[in-house]
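Inside the fold
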Amino acid sequence: MEYKPNKEVIVKRIAKFFKDGDLVNLGIGLPTLVGNYIPDDVHINLQSENGFVGLGPAPEKGKEDSMLTNAGGSPVTLLAGGAYFDSAVSFGIIRGGHVDYTVLGVLQVDQNGNLANYMIPGKMIPGMGGAMDLTIGAKKVIAATTHFERNGDSKLKRNCTLPLTAGNQVDYVVTDLGFFEIKDGKFILKEYFAPYSVDYILNNTDVDIVVPEDCKEVTL
Amino acid sequence: MIDKKIISAEEAAGLVNDGDVVMLGGFLACGSPLNLLEALQKKGTKDMTLVCNDTAFHNAKTGEMTGVAPLVLNKQFKKMVVTHIGTNFETQRQMNAGETEVDLVPQGTLAEQIRAGGFGLGGILTPTGVGTEVEKGKEVIEIDGKKFLVEKAIKGDVALIKARTADKAGNLIFDKSARNFNPLMATACETVIVEVDEIVETGALDPECINTPGLFVNYIVLTKGAK
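Residues numbered from 1 in each chain as written. Chains lettered and ligands numbered in written order. Predicted model: local features only at pLDDT ≥ 70, side-chain atom pairs only at ≥ 80, totals over all residues. Heavy atoms only, no water.

On a plain count of helices and strands, chain B comes out with six helices and 12 strands. Computed over the C-alpha atoms, the radius of gyration of chain B is 18 Å, within 12% of the 17 Å expected from 2.2 N^0.38 for a compact globule of 227 residues. Each principal axis of the C-alpha atoms in chain B carries an extent, and together these give about 50 × 45 × 30 Å. When the 227 residues of chain B are sorted by exposure, 55% land in the buried category. Total accessible area on chain B stands at roughly 9700 Å², and carbon and sulfur atoms take up 50% of it. Put simply, chain B has 24 plus and 30 minus side-chain charges, and the middle of one group is 2 Å from the middle of the other. (Helix = DSSP H or I, 4+ residues; strand = E, 2+ residues; numbered from the N terminus. Rg over C-alpha atoms; globule rule 2.2 N^0.38 Å. Buried < 20%, exposed > 50% of the residue type's maximum accessible area, 1.4 Å probe, protein only. Areas by Shrake-Rupley, 256 points an atom, 1.4 Å probe, with all protein chains shown as cover. Lys, Arg positive; Asp, Glu negative; His and termini not counted. Charge placed at Lys NZ, Arg CZ, Asp CG, Glu CD.)

This is the structure we're talking about:
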């Protein structure tokens, strides 16, 4: 079977994590897309680390406000009940354990819950921005990533080799092949996504994966 | 209340000296004082240390720049203390080439270092960065079995900040997500210069709604073209 990257599967699955009232911070890039797939009957509160809760969708064309952007600098809106605050309050909310879930992008994630997502030395140095605080502070950390790099290597590792964003903080990893929980130094495969099989995942991912009895196939 | 001095952007740029530590409000230029930056760029002040969330946008393909990016390109900073430079290829280039010193700091840590600087604290203890490159060279303190990094307070010579409204006494109200680091930096520098869209009479603002009390502010600059 040939692997085709499918970001939609990843964000669709992550969107199912949340329940009413959860405070959620979505990282820049792939994680931001999760916001488009939250079920209509679930009402979560999105935090934007540049200084507000109640993050709403992008404004209509022509109604952009240059003083209201998300953490990626794109124009957004504020929902009724939202609130603005400064960066110390924003990161107090994050470090203080008030954020239920953060969804973050991945360069590498390993079976001990270590995450590397802020630099490739000598090559790409975007910086950590708010990622280190989010990884440390959020109650649950979801790593969102395509399963493989362009060269075919799995982004799921035994040990991260890139500089860490934080150690032992990742709870869940959702790729376009499956949904994993990280526990006791192993990836626990909770769900595998059609059309891929458990064997396909095991044969193409050089990490310790446990397949529990209740592991199930999911079509997204 | 005594009125604060209302000055031009050019006069404000004259208050920044070569070698100063400059704290600049804004998040990807949202909430940066753009007229102050333009004046500082024209004046060509050099060897400054920038403390800011980021270095705004500099698109490698189009050359398009926002916020502080033209000053980075002008090499007006000898050092930059920032959290994110992924949107400015020139900052990354200068860092990789060893032309400019760049300190990458976790965003929540930078916010607290500035707050500590303004509020008389020596520093803060944070779990952010434990076990990462950020830990290098820093003291680690264990409290109740949990590790924390000692991150020292930061102070600056000049804060260049942006608010929506000032009254003549310097009380400030910020504007949506343009607040970000601005109120923190107002507390942590010797000289605080705020660029605003409007100046109202003292007493016109509801004291319950003031974000930054005027005592922190030294100079007010009215945005060019503001009504």
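We are not done yet, so read on.
This brings us to the interface of chain A and chain B. By a widely used convention, the size of an interface equals the accessible area lost when the partners come together. The partner chain B presents 37 residues to the 35 residues of chain A that form the contact. Of the roughly 2800 Å² buried between chain A and chain B on both sides combined, carbon and sulfur atoms contribute 62%. It is Met67(A), Arg95(A) and Ile125(A) that lose the most area in chain A upon contact with chain B, and together they represent 22% of the buried surface on that side. The interface formed by chain A and chain B holds two salt bridges in total. When the shortest N-O distance is used, the salt bridge between Glu112(B) and Arg95(A) registers 3.9 Å. At the junction of chain A with chain B, the criterion picks out 15 residue pairs in polar contact (both at pLDDT 80 or more). Listed by contribution, the elements that provide at least two residues to the side of chain A that touches chain B are helix H2 (87-95) and helix H3 (131-137) of chain A. The dominant element in the side of chain A that touches chain B, judged by the number of residues it contributes, is H2(A), at four residues. (Contact = heavy atoms within 4.5 Å. Buried area = accessible area lost by both parts, 1.4 Å probe. Salt bridge = Lys/Arg side-chain N within 4 Å of Asp/Glu carboxyl O. Polar contact = N/O pair within 3.5 Å; in protein donor to acceptor, adjacent residues only side chain to side chain.)

Residues and elements named next belong to chain B. One can find Thr 212 in the loop between strand S11 (189-200) and strand S12 (219-222). Looking at Thr 212, the relative accessible area reads 3%, which means it is buried. Leaving out residues up to four positions away in the same chain, Thr 212 has contacts with Gly 170, Asn 171, Leu 172, Phe 174, Pro 183 and Ala 186.

All told, the structure shown has 24 salt bridges over all chains when counted by the stated rule. The partner of Lys12(A) in a salt bridge is Glu8(A), and the shortest N-O contact between them spans 4.0 Å. Taken together, the residues span about one helical turn, with Lys12(A) and Glu8(A) both in helix H1 (residues 7-15) at a distance of four residues. The class for Glu8(A) is partly exposed, based on a relative accessible area of 39%. Here Lys138(B) ties to Glu151(B) by a salt bridge, and the two come within 3.2 Å at their closest N and O atoms. Taken together, the positions of Lys138(B) in the loop between strand S6 (123-126) and strand S7 (140-143) and Glu151(B) in strand S8 (residues 146-152) put the pair 13 residues apart, joining distant regions of the chain. For Glu151(B), a relative accessible area of 4% gives the class buried.

Right, let's get into the sheet that holds S6(B). Residues and elements named next belong to chain B. Reading across from one edge, S6-S8-S7 is the order of the three strands in this open sheet, with antiparallel pairing throughout. With partners counted over all chains shown, the strands left at the sheet margins are S6 and S7, one partner each. Sheet twist, expressed as the average angle between the axes of neighbouring strands with direction ignored, equals 35°. Each of S6 and S8 is contacted by helix H5 (residues 107-118), which is oriented at about 150° to S6, the strand it contacts most. (Pairing = 2+ DSSP bridges. Axes fitted to C-alpha atoms, helices over the stretch in contact; angles between N-to-C directions.)

A few words now on the nonpolar core. By size, the foremost hydrophobic cluster in this structure holds 36 residues, and its most contacted members are Val68(B), Phe77(B), Leu160(B) and Ile193(B). Considering every element that reaches this core, the biggest residue donor is helix H2 (residues 34-43) of chain B, with four residues. Residues in contact with Leu160(B), not counting those within four places in the same chain, are Val22(B), Met23(B), Leu24(B), Gly25(B), Pro33(B), Leu36(B), Leu40(B), Asn182(B) and Ile193(B). Formed by 33 residues, the second largest nonpolar core is a distinct cluster that contains Tyr3(A), Phe91(A), Ile209(A) and Cys215(A). (Core = buried A, V, L, I, M, F, W, Y, C linked by side-chain atoms within 4.5 Å.)

This next bit is on unusual backbone geometry. Residue Pro195(A) is reached from Ala194(A) by a cis peptide bond, and omega for that bond is 10°. Within the fold, Pro195(A) resides in the loop between strand S12 (186-193) and helix H4 (198-203). Unlike most non-glycine residues, Asp184(A) shows phi in positive territory, near 50°. Among the secondary structure elements, Asp184(A) is positioned in the loop between strand S11 (178-183) and S12. With a phi angle near 50°, Leu28(B) is a residue other than glycine that sits in the positive phi range. Tracing the backbone through its elements, the reader meets Leu28(B) in the loop between strand S2 (21-24) and H2.

Below, the discussion takes up the packing of aromatic side chains. Residue and element names in this part refer to chain A. Applying the stated criterion across every chain, the model contains 10 aromatic pairs over all chains. On the basis of an interplanar angle of 35° and a centroid distance of 5.1 Å, the ring pair of Tyr 196 and Tyr 200 is categorised as tilted. With respect to class, Tyr 196 is no different from Tyr 200; both count as buried. Linked through ring pairs, Phe 17, Phe 18, Tyr 101, Tyr 172 and Phe 179 together constitute an aromatic cluster. Here Arg 13 stacks its cationic end above the ring of Phe 17, 5.1 Å away from the centre of that ring. (Phe/Tyr/Trp six-rings, centres within 6.5 Å; stacked < 30°, edge-to-face > 60°. Lys NZ or Arg CZ within 6 Å of the ring centre and 35° of its normal.)

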